[in-house]
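# Fold and geometry: a report
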Amino acid sequence: MSTAVPRITILDGAMGTELRARGASVPDYRSSAWSAMALVHDPGTVRQVHSDYIAAGADVITANNYAVVPNLLARVGMTDRLEELTRLACQLALEARAANSRPAVRVAGSLPPLDTTYQSDLVAPEQDLYETYLRIARVLAADVDLVIAETLTTVREAVAAARAAAEVGLPLWVSWNLRLDAPLIRGGESLEQGIAALQSLPVEGYMVNCVPTGLVRPALELMRRCTDRPLGAYANSCEKAADQAALDATAVQTLSPQQYVVASERWVEAGATWIGGCCDTRPEYIAALAARWH
Ligand SMILES: [Zn+2]
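These notes cover the structure that comes with them. Note that the structure is predicted; figures quoted are calculated from it, not measured. (Residues numbered from 1 in each chain as written. Predicted model: local features only at pLDDT ≥ 70, side-chain atom pairs only at ≥ 80, totals over all residues.)

All right, on to helix α11 (residues 257–269) then. Spanning 13 residues, α11 covers 19 Å between terminal C-alpha atoms, matching the ideal 18 Å at 1.5 Å per step. When we look at burial in α11, the residues that qualify are Pro257, Tyr260, Ala263, Ser264 and Trp267. Looking straight down α11, one finds that the buried residues subtend no more than 115° of arc, so they occupy a single side. Seen from the buried face of α11, the exposed residues on the opposite side, beyond 90 degrees, are Gln258 and Glu269. Against the buried residues of α11 lie α9 (216–224), β7 (231–235), β8 (272–277) and α12 (283–293). A positive phi of about 110° marks Gly271, the residue just after α11. (Helix = DSSP H or I, 4+ residues; strand = E, 2+ residues; numbered from the N terminus. Expected span 1.5 Å × (residues − 1). Buried ≥ 20, exposed ≤ 12 C-beta atoms within 10 Å, placed from the backbone. Arc of directions from axis to C-beta. Contact = placed C-beta atoms within 7 Å.)

So, in structure tokens, the structure goes:
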């Protein structure tokens, strides 16, 4: 490896994809509390997936609290279980770390979209977002090393998450989701606007996630022009998708782990130092990234 390449931090891969592959019931993300159900019904499988990502070489694993938000829990009659399930998600990740021989692995908590993923039209006003993110972050703060505000479709989600993370003293990484036809934040704002809005908040770095790999590099280049903070990406295992329906139906050409590694080389060239996988990436993708970058 060239000495010019900085140390790359490897994140984990998909949780939902992997739970489904192992027979856990993970309902569709639009209609349900999605991966939260696995905390209730298959906690051992969640722990094992974390463990497999650590064994594959992940430096950072993210607790499975993505769907543990009030609006999604309400759809399955579990509104009163937010704190309990958030804590359980953290515990499973911590147990996986404790059972492995890589104690330097960091456990992240998720600050996810607070309603259906990708639906920027359902994003609440900033103060409402802040109050819910603070409720989640207060639980996460007892257990995790950092938080990742992820799959965000608006600037105000990032601002609210940053305020909440700062309030509880957790380092924050911000990760936006993008439109499929342009390197813009999914809801239409620009990445430059997003970074400008967070300038005075303690955000450690910026990523994009849950997008086809082909969208990542232009986004990184745009972000690099307006910040010196670390950049990164965790994409889905496809290069492009015509529209969201194609992505949801996985009616897209899936990349192999090695093809995903080749995509990540374009990201590192554009300045990324945090790299992982989102939907349809599995432990073998993370192992391939670790083999390439560690
Ligand atoms: Zn995804």
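Having seen it, we continue.
Turning our attention to the sheet that holds strand β6 (residues 203–209). With parallel pairing, the 8 strands of this open sheet are ordered in space as β1-β8-β7-β6-β5-β4-β3-β2. Only two strands of the sheet have a single partner each, and these edge strands are β1 (9–10) and β2 (60–62). In this structure, β2 lies alongside strand β3 (residues 106–111), joined through 3 bridges in parallel fashion. For Ile61, the partnering residue across the bridge sits in β3 and is Val107. In this fold α12 packs onto β1 and β8, with an angle of close to 155° to the strand it touches most, β8. (Pairing = 2+ DSSP bridges. Axes fitted to C-alpha atoms, helices over the stretch in contact; angles between N-to-C directions.)

It is worth spelling out the environment of Thr213 at this point. Tracing the backbone through its elements, the reader meets Thr213 in the loop between β6 and α9. In this structure, the C-alpha to C-alpha distance between Thr213 and Cys238, residues 25 residues apart in sequence, is 6.1 Å. Dropping the residues within four chain positions of it, Thr213 is found in contact with Ala235, Cys238, Glu239, Leu255, Tyr260 and Ala263.

Two quantities define a packed helix pair, namely the angle between the axes and the distance from one axis to the other. It is at 9 Å that the axes of α11 and α12 come closest, and there the two elements cross at 50°. By the criterion of interaxial angle, the relationship of α11 to α12 is oblique. The interaxial crossing formed by α11 with α12 has right-handed handedness. Contacts from Pro257, Gln258, Tyr260, Val261 and Ser264 in α11 reach Glu284, Tyr285, Ala288, Leu289 and Arg292 in α12. Taken together, the residues that form the contact of α11 with α12 break down as 6 nonpolar, 2 polar and 2 charged. (Parallel < 35°, antiparallel > 145°, perpendicular 65-115°, else oblique. Left-handed = near helix turned anticlockwise from the far one by under 90°. Nonpolar A, V, L, I, M, F, W, Y, C, P; charged D, E, K, R; others polar.)

Moving on, we get to unusual backbone geometry. One non-glycine residue with positive phi stands out, namely Thr151, at about 55°. Among the structural elements, Thr151 can be located in strand β4 (residues 146–152). When the 24 C-beta atoms within 10 Å are taken as the criterion, Thr151 is described as buried. One non-glycine residue with positive phi stands out, namely Cys210, at about 60°. Note on placement: Cys210 falls in the loop between β6 and α9.

As for its position among the elements, Thr154 is in the loop between β4 and α7 (155–168). For the pair Thr154 and Gly194, spaced 40 residues apart in sequence, the C-alpha separation works out to 8.0 Å. Excluding residues that lie within four positions of it along the chain, Thr154 makes contacts with Ser120, Val123, Ile185, Gly187 and Glu189.

Before going further, it helps to examine the pairing of β7. Buried residues dominate β7, accounting for 5 of its 5 residues. Side-chain alternation along β7 places Leu231, Ala233 and Ala235 on one buried face and Gly232 and Tyr234 on a second face that is also buried. What joins β6 to β7 is α9, and the crossover it makes is right-handed. As defined by bridge partners, β7 adjoins β8 across 5 bridges and the pair is classed as parallel. Considered in β8, the bridge of Ala235 is made with Gly277. (Right-handed = clockwise from strand over helix to strand, strands pointing away.)

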